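Commentary on secondary and tertiary structure
Here's the letter readout for the chains.
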Amino acid sequence: MGRNRKWIQTAILLAIVIVGAVTLAGGLFKGNEPPKVGARAPDFSLSGLDGKTHRLSDFRGKLVILNFWGTFCPPCKAEMPDLEAAYRKWQGDDVVILGVNLNESHVTVSSFVDQLGITFPILLDSQDEIRKKYGVMNFPTTFFIGRDGVIAVKQEGQMEPGFIEQNIKNLLGKGQP
Amino acid sequence: MRIENTKCECGHQNYAGTVLCESCGKPLYDDHGSEPLEMRYDGVARRSQRGNPTWLDRIWNFFSSVKIAIYLILITLAASVLGTVYPQENTFINLDPSTYYKQTYGTTGEIYYLLGLSHTFDSWWYRLLLFMIGTSLVICSLDRVLPLYRALNKQQIRKHPGFLSRQKVTLTCDIAEPGDQTSQEQWVQTMASVLRKRHYRVHTDGTALMAEKYRFSRWGPYINHIGLIIFLLAALARSIPGWHMDQYMGFIEGQTLKIPNTPYYLKNEKFTVDFYKPEEMSDKFRQRDLIVPKMYETQAVLYQCTSRCGTADPVLKEVARHPIRVNDPLNYHGFMAYQFDYKETPRLISVTPSLRNKQTGEVYGSIELDMNNPQKSYQAGPYRLELKSYFPDFGLDEHGQPMTKSNEPKAPAFIFTITGPGMEKGQPYLYFPRMIDKDTYRQDDVNGAVGQLLDLSVGSMEGVKIAQYTSYLNIRVDKALPYIWFGAAVSMIGLVMGFYWQHRRVWLRVDDGKLLLGAHTNKNWFGLRKEVAAALGKAGIEADPKTLETGRKTL
């Protein structure tokens, strides 16, 4: 009787612990919180201005600069040429820049991109989904995502060319400590 | 270590912590007292009271305490109260919680946010509290119900005199000549049949009798607990991906939006609102000059995406259509859209201007320009209009270059390249749908010669589509809801069982012509006394209900 009782007691406690662990884990890793620096960048796929679908995880192993921008935002427009310059310079070193446009019409975006001669991929967040997923409230906002897929830097507001350069160097491990 | 002798004089071996012998009911402690016995759980040892606790037993014992359970409930209650002080984060449509609380509610708001109370009900500690209450419910119940079940399942008919005389309802009197075994047994049989008529289940053993009814009411609290556990598990199951969603979204009239994390798209086809007329309002309202909505409704269409989901041109299949009103949601297999709010947000949706020859007046055709996502090219008669640029909110930057000030079509401007008869090479053409912008930015002058030849304009208001309102919907998925209802129903059944029936037991024994009776119930003692007195009356013993109460032994 005593042994049997202990067995039942252990089984009940074990069941409770499992239920508890599952629910608590569910609460902790819900994934609805916007990612912070040091967190894994949430994966997404968006169709680009080129008509192709781009998936963030396709660039795993590369340094990804995720830039949220719109033509209605003057600082976004101002930093575009600097991003383009950085892209041209570092493209060969596995650096990718993804410009996520904030739900503007195709024509608006493409005329702007053509005018500036932007060559890095422009993605169209036509449902505002990725902006919400990343919790972007101010424009521009830029995420520097390391080779491991972890967000290293989050920058709100316009970036200076030196800032872009420094972050790329740091993340490529070429910068001075 | 203290070794307790838990063996009763009747020979039954009891567990440590037993108060009344499980077999004969003899009090194991306080043997010589005379005050009524503590009958809780029939005096059996609760599982947690048993000797030599291991660390496993200690956890068990912690959760088996009703005191701990009450503290847990109080803490959860307090947390829930705090969680309702300010609006929770998930009710925001487009706000940054890190600044919202400070700006709106000041320092207390900031503290509220920093403490994490702005998402109380999603927090790990709130879940932990619910989980601990659940554990406490399970263990408290098991700790009591199993020993109780065992005690009630094998009751001895002949109880110890010390047990009977110390019940709250008890009686002793002489009923026969000592030694008259037959008449004693006869009387017991009479009493048995009287009690059977009163729906008791009666067991006799010579001159001893035990009668019992409505034992099932003792299980009421435990069934109630099972219901609550189902309820809690269902509430916790909401964290399973896809089981629960609760978000608020704004839909401009005519707009189709993707519902995040689902394959669904929802379109607000039309929004209508009715206001109370002044004569329908009370004087107070009229004086305050309020505009009070009477009824508002969103004509909603739900689509399911079949391919190219999340892109600018997904393939959609209509799956449901419903006019959503307050308390009348769209429901598609558990996907619910409730009317939550609306706002007046006049906004241009599309214009349908026609291309006309300025000199001859000939109309070549009309094109429909969507303000959110215009096409790349249009055809109007022999003319082809290639859209080069689109500025929803036109303005000029510091260098005099065209730009858009926002992403909303407040002052839309279109730059076309027109090709057609007389302009094979293509001529730029600037078009402002709004008359005021057309004048401000001197459309005709900018267009020059082409502007002299061709005119793109809307003839009447019919060519202009305006969305007057944004409808805010609460989008919910709650797969746990049926289980929550089921748990609540089970819990209610348990409550009814426990509330409306009472477990009544009557024991008696006749020794040497002397009757000793004891009776016990878990509530409504008055009813029990009346019933016992009436039964005794039928069996030939006049007893006043009041005299049955302990401490009033007469006769």
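Refer to the structure presented above.
Residues numbered from 1 in each chain as written. Chains lettered and ligands numbered in written order. Predicted model: local features only at pLDDT ≥ 70, side-chain atom pairs only at ≥ 80, totals over all residues.

With that settled, the discussion passes to the environment of Ile-68 of chain B. Residues and elements named next belong to chain B. Structurally, Ile-68 can be placed in helix α2 (residues 66–83). When the C-alpha positions of Ile-68 and Ser-136 are compared, they lie 8.0 Å apart, and in sequence the two are 68 residues distant. If we ignore the near neighbours within four places in the chain, the residues touching Ile-68 are Phe-62, Phe-63 and Ser-136. (Helix = DSSP H or I, 4+ residues; strand = E, 2+ residues; numbered from the N terminus. Contact = placed C-beta atoms within 7 Å.)

Attention shifts here to the packing of helix α2 (residues 74–90) of chain A against helix α5 (residues 161–172) of chain A. Residue and element names in this part refer to chain A. Orientation of α2 relative to α5, taken along the N-to-C sense of each, is 35°, at an axis distance of 9 Å. When the axes of α2 and α5 are compared, the crossing they make is right-handed. Along its contact with α2, which presents Asp-82, Leu-83, Ala-85, Ala-86 and Trp-90, the element α5 presents Pro-161, Ile-164, Glu-165 and Ile-168. Taken together, the residues of the contact of α2 with α5 break down into seven nonpolar, no polar and two charged. (Axes fitted to C-alpha atoms, helices over the stretch in contact; angles between N-to-C directions. Left-handed = near helix turned anticlockwise from the far one by under 90°. Nonpolar A, V, L, I, M, F, W, Y, C, P; charged D, E, K, R; others polar.)

A word on the sheet that holds strand β4 (residues 95–101) of chain A. Residues and elements named next belong to chain A. Strand order in this open sheet of five strands is β5-β4-β3-β6-β7, and the pairing throughout is mixed. This sheet does not close on itself; its edge strands, each paired only once, are β5 (122–124) and β7 (151–156). Recorded for the sheet is a direction-independent mean angle of 20° between the axes of neighbouring strands. Contacting β3 (63–69), β4, β6 (141–145) and β7, α5 crosses the sheet at an angle of about 150° to β3. (Pairing = 2+ DSSP bridges.)

Our focus in this paragraph is the sheet that holds strand β1 (residues 169–174) of chain B. The strands making up a sheet associate through hydrogen bonds between their backbones, and the pairing can be parallel or antiparallel. Residue and element names in this part refer to chain B. On the basis of which strands lie adjacent, the open sheet formed by five strands has the order β1-β23-β22-β3-β2 and antiparallel pairing. Taken across any chain shown, the strands that pair with only one partner, and hence form the sheet edges, are β1 and β2 (201–205). Across the sheet, the axes of successive neighbouring strands diverge by a mean angle of 10°, strand direction being ignored. Bridging between strand β3 (residues 208–213) and strand β22 (residues 504–511) involves six bridges; their strand directions are antiparallel. Its bridge partner lying in β22, Ala-211 is registered against Val-506.

Attention now moves to helix α12 (residues 525–538) of chain B. Residue and element names in this part refer to chain B. For α12, with 14 residues, the first-to-last C-alpha span of 20 Å sits near the 20 Å given by 1.5 Å per residue. Taken residue by residue, α12 has Leu-528, Arg-529, Glu-531, Val-532, Ala-533, Ala-535 and Leu-536 as its buried positions. Buried residues in α12 make contact with β1, α6 (181–197), β22 and β23 (514–521). Taken from the residues just after α12, Gly-540 is the one with a positive phi, measuring 95°. (Expected span 1.5 Å × (residues − 1). Buried ≥ 20, exposed ≤ 12 C-beta atoms within 10 Å, placed from the backbone.)

Facing 35 residues of chain B, the contacting portion of chain A comprises 32 residues. Elements that contribute at least two residues to the side of chain B that touches chain A include exactly α1 (55–63), α4 (124–153), β5 (256–258) and β15 (383–391) of chain B. Here the side of chain B that touches chain A takes seven residues from α4 of chain B, the largest share from any one element.

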